[in-house]
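One-letter residues, chain by chain:
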Amino acid sequence: MSEAAKQAKTGRLILVVGPSGAGKDSLIEGARTALAGHPRFVFPRRIITRPSDPGSEDHATLSEAEFERQRAAGAFFLDWDAHGLRYALPGSIADELAAGRTVIANVSRAVIAAARAKHAATTVVVVTAPPAVLARRLAARGREDAADVEARLARAADQPSGPGVVTVMNDASLESAVARFLEALKAPAEA
């Protein structure tokens, strides 16, 4: 296969990042529902060293030891540590991208450079909301104390920007935010 044919077949990796409380999981789930039946779009399950919880995202759970064994064996496309947990995206993502599909995944902004090094056709979608909205959402979910909420809000100001980065504001209705998110997923990649 010629290099031009390989490039034409290469899929697009969309990394969804943003502060806690911005609604990343809600937008991803809304997009997954809207795009159900479209084989071009793939939403891989993350792998996390946290037990499944009915109130949180559907993910694959691994023990710390099994996570490390799989990481060492090269089973992951990307992996990172955050908030005392370990996260990964499955290695099968490489096959989806090679087949020309668009892969959408919630990741830490700490892995953006590694993802871009692995796959040039990478777009970063920053999902965000004003600080007051983030604070209200974080308080409502009740997972963190006031100091943790303040720390998360301080980190919220440091988001990626520049070429290959699209920002989706999630500060009104979920339906309007999902519509903006879908536009970002379907838009052609920046050259």
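This report concerns the structure included in the present document. (Residues numbered from 1 in each chain as written. Predicted model: local features only at pLDDT ≥ 70, side-chain atom pairs only at ≥ 80, totals over all residues. Heavy atoms only, no water.)

### Brief notes about the side chain of T49
Using the following cut-off: A run of H or I in DSSP counts as a helix once it spans at least four residues, and a run of E counts as a strand once it spans at least two, with each numbered from the N terminus. Exposure categories follow from relative accessible area, calculated using a 1.4 Å probe and restricted to protein chains: below 20% of the type maximum is buried, above 50% is exposed, and the middle band is partly exposed. Within 3.5 Å is the distance limit for a polar contact, defined as a pair of N or O atoms, with the added protein rule that one can donate a hydrogen and the other accept it, and that residues adjacent in sequence qualify only through two side-chain atoms. When checking whether two residues touch, look at their non-hydrogen atoms; a contact exists if any pair is within 4.5 Å.
Mapped onto the secondary structure, T49 falls in the loop between β3 (47-48) and β4 (60-61). A residue is classified by how much of its surface remains accessible, and T49, at 15% relative accessible area, is buried. Of the polar contacts made by the side chain of T49, one reaches the backbone nitrogen of R86; its length is 2.9 Å. The residues touching T49, leaving out its near neighbours within four places in the chain, are L62, S63, E64, F67, L85 and R86.

### Remarks on the packing of aromatic side chains
Here is the rule: Here a pair means two rings of Phe, Tyr or Trp (six-membered ring of Trp) with centres within 6.5 Å. Their orientation is stacked below 30 degrees between planes, edge-to-face above 60, and tilted elsewhere.
Inspection of every chain in the model, using the stated rule, returns two aromatic pairs. With a centroid separation of 4.8 Å and 40° between ring planes, the pair formed by F67 and F76 is classed as tilted. As far as burial versus exposure is concerned, F67 and F76 are alike and both buried. Ring centres of W80 and Y87 lie 5.6 Å apart, and the angle between their planes is 5°; this geometry places the pair in the stacked category.

### Quick word on the pattern of salt bridges
Two side chains of opposite charge can pair, provided their charged atoms sit close to one another. Inclusion rule: One side-chain nitrogen of Lys or Arg within 4 Å of one carboxyl oxygen of Asp or Glu is enough to make a salt bridge.
Scanning the model with the defined rule gives seven salt bridges in all. A salt bridge links R101 to E96; the nearest nitrogen and oxygen atoms lie 2.9 Å apart. With relative accessibility at 28%, the residue R101 sits in the partly exposed group. Note on E96: relative accessible area 24%, which makes it partly exposed. Because the salt bridges share partners, they merge into one network encompassing E64, E68, R71, D81 and R86.

### Concerning the environment of P160
Take P160: it is sitting in the loop between α7 (146-156) and β9 (165-169). Each C-alpha atom, one on P160 and one on L62, is 29 Å from the other, the two residues being 98 residues apart in sequence. Those residues in contact with P160 that lie beyond four places of it in its chain are V17, R109, I112, V124, V126 and V165.

### Some points on the nonpolar core
We count it as follows: Definition used in this section: a nonpolar core is a set of buried Ala, Val, Leu, Ile, Met, Phe, Trp, Tyr and Cys residues joined via side-chain atoms within 4.5 Å.
Counting residues in hydrophobic clusters, the biggest one holds 26 residues, and the most contacted among them are I104, F181 and L185. Examining the composition of this core, we find that six residues originate from one element, helix α8 (residues 174-186), more than from any other. Excluding residues that lie within four positions of it along the chain, F181 makes contacts with V16, L27, I28, A31, I104, V125, V127 and V168. Within the second largest apolar cluster, 23 residues are counted, among which are L15, W80, L97 and I112.

### A word on the packing of helix α6 (residues 131-141) against α7
Formally: Here an axis means a line fitted to C-alpha atoms, over the contact stretch when the element is a helix, while the angle between two N-to-C directions is reported on a 0 to 180 degree scale. Each crossing is labelled by how the near helix is turned from the far one, with a counterclockwise turn of less than a right angle marking it left-handed and a clockwise turn marking it right-handed. Nonpolar residues are Ala, Val, Leu, Ile, Met, Phe, Trp, Tyr, Cys and Pro. Charged residues are Asp, Glu, Lys and Arg, and all others, Gly as well, are polar.
α7 packs onto α6 with a crossing angle of 145° between their chain directions and a minimal axis gap of 10 Å. As for how α6 packs across α7, the hand of that crossing is right-handed. On the side of α6, the interface is formed by P131, L134, A135, L138 and R141, while α7 contributes V149, R152, L153 and A156. Looking at the contact of α6 with α7 residue by residue, the class counts come to seven nonpolar, no polar and two charged.

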